[in-house]
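Examination of the molecular architecture
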Amino acid sequence: MKFIASHIKVSSLNAKVLIVFKWQKESQEKVILDEIKFLENERMLVEYNNNKKYEFFENPLEIKQELIKKSLNLIENYLSGGYINLYDEFKKMNIEIPLREKFPSSFSYKVIQSLLKIKYGESTSYSYLGDAIGSRAYRAIGNILRKNPFPLIIPCHRVLRKNGQIGGFMGSRKNLWKIELKNHLIQIEQSNTKLKEKKGER
DNA sequence: AAGCGCGGCGCGA
DNA sequence: TCGCGCCGCGCTT
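Throughout what follows, the structure given in this document is the object of discussion. Everything numeric here is computed off the predicted structure, so don't read it as measured data.

Topic: the protein's contact with DNA strand B
Around DNA strand B, a shell composed of 15 residues is seen, among which Tyr126, Arg139, Leu145, Arg146 and Lys162 lie nearest. For DNA strand B, the backbone portion of the atoms within 4 Å of the protein, that is sugar and phosphate, comes to 51%. One of the side-chain nitrogen or oxygen atoms of tyrosine 126 is found 2.8 Å away from a base nitrogen of DNA strand B. In this structure, a phosphate oxygen belonging to DNA strand B sits 3.3 Å away from a side-chain N or O atom of arginine 173. Residue assignment for the surface near DNA strand B shows that the elements contributing at least two residues are helix H6 (126–132) and helix H7 (138–145). When residues in the surface near DNA strand B are grouped by element, the largest group, five residues, is from H7. A class-by-class count of the residues in the surface near DNA strand B yields five nonpolar, five polar and five charged.

Shown next as structure tokens:
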């Protein structure tokens, strides 16, 4: 198994994004997304990568390099305000998002399946997701989402608390920059959605 | 057994 | 109207 990682800077947020792909050595086409990870700064990125021992673009085949570039661009565009449905785009590019592997229990799988139905610009709540799968284990749902290895792609940021509070993001309720990031994503999507509606009215 | 990105309730500022 | 503590909830570690 080979890992390829790259990172982009989110200028408006002063954060780093680490994106990790992998593939079978002999496999020609199939590229698997392994994780997307937001780091607060350069130091955190280096530290994280040292632990994981990812290889940065070591001899990528041509086609995969293209794929990687393209997906980095997509994420960059999305983060800087593009109206982009990342899940669909990744699917189109034939990048596998290994949901079963990352969410092995039937509960966790159901949770993210119903979360994936929440579209760009929409929001939901932990309790709504629970209702959708017939569970009142609202805390358990947060428990699943906090370990989401694919933020942005699996849209955790669209899940708010039922009372309107923003709730947690990327594993934390208290970490300010994570909460700000969640807020930022919500703002981007909302303003884009409004823009789209305006255009549609004409 | 402990710990949760929650929700609902009740309380006291 | 908050913020907090408490309990119930059910899943993960």
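Examining the packing of aromatic side chains
Evaluation of the coordinates by the stated rule reveals two aromatic pairs. On the basis of an interplanar angle of 85 degrees and a centroid distance of 6.2 Å, the ring pair of tyrosine 78 and tyrosine 120 is categorised as edge-to-face. With tyrosine 78 in helix H2 (residues 62–79) and tyrosine 120 in the loop between helix H5 (106–115) and strand S5 (124–125), the pair connects residues that are 42 residues apart, well separated along the chain. When its relative accessible area of 1% is taken as the criterion, tyrosine 78 is described as buried. These aromatic residues form a ring-pair network of at least three members: Tyr78, Tyr83 and Tyr120. Over the ring of tyrosine 109 we find arginine 100; its NZ or CZ atom is 3.6 Å from the centre of that ring.

Procedures and definitions
Residues numbered from 1 in each chain as written. Chains lettered and ligands numbered in written order. Predicted model: local features only at pLDDT ≥ 70, side-chain atom pairs only at ≥ 80, totals over all residues. Heavy atoms only, no water. Near = heavy atom within 4 Å. Polar contact = N/O pair within 3.5 Å; in protein donor to acceptor, adjacent residues only side chain to side chain. Helix = DSSP H or I, 4+ residues; strand = E, 2+ residues; numbered from the N terminus. Nonpolar A, V, L, I, M, F, W, Y, C, P; charged D, E, K, R; others polar. Phe/Tyr/Trp six-rings, centres within 6.5 Å; stacked < 30°, edge-to-face > 60°. Buried < 20%, exposed > 50% of the residue type's maximum accessible area, 1.4 Å probe, protein only. Lys NZ or Arg CZ within 6 Å of the ring centre and 35° of its normal.

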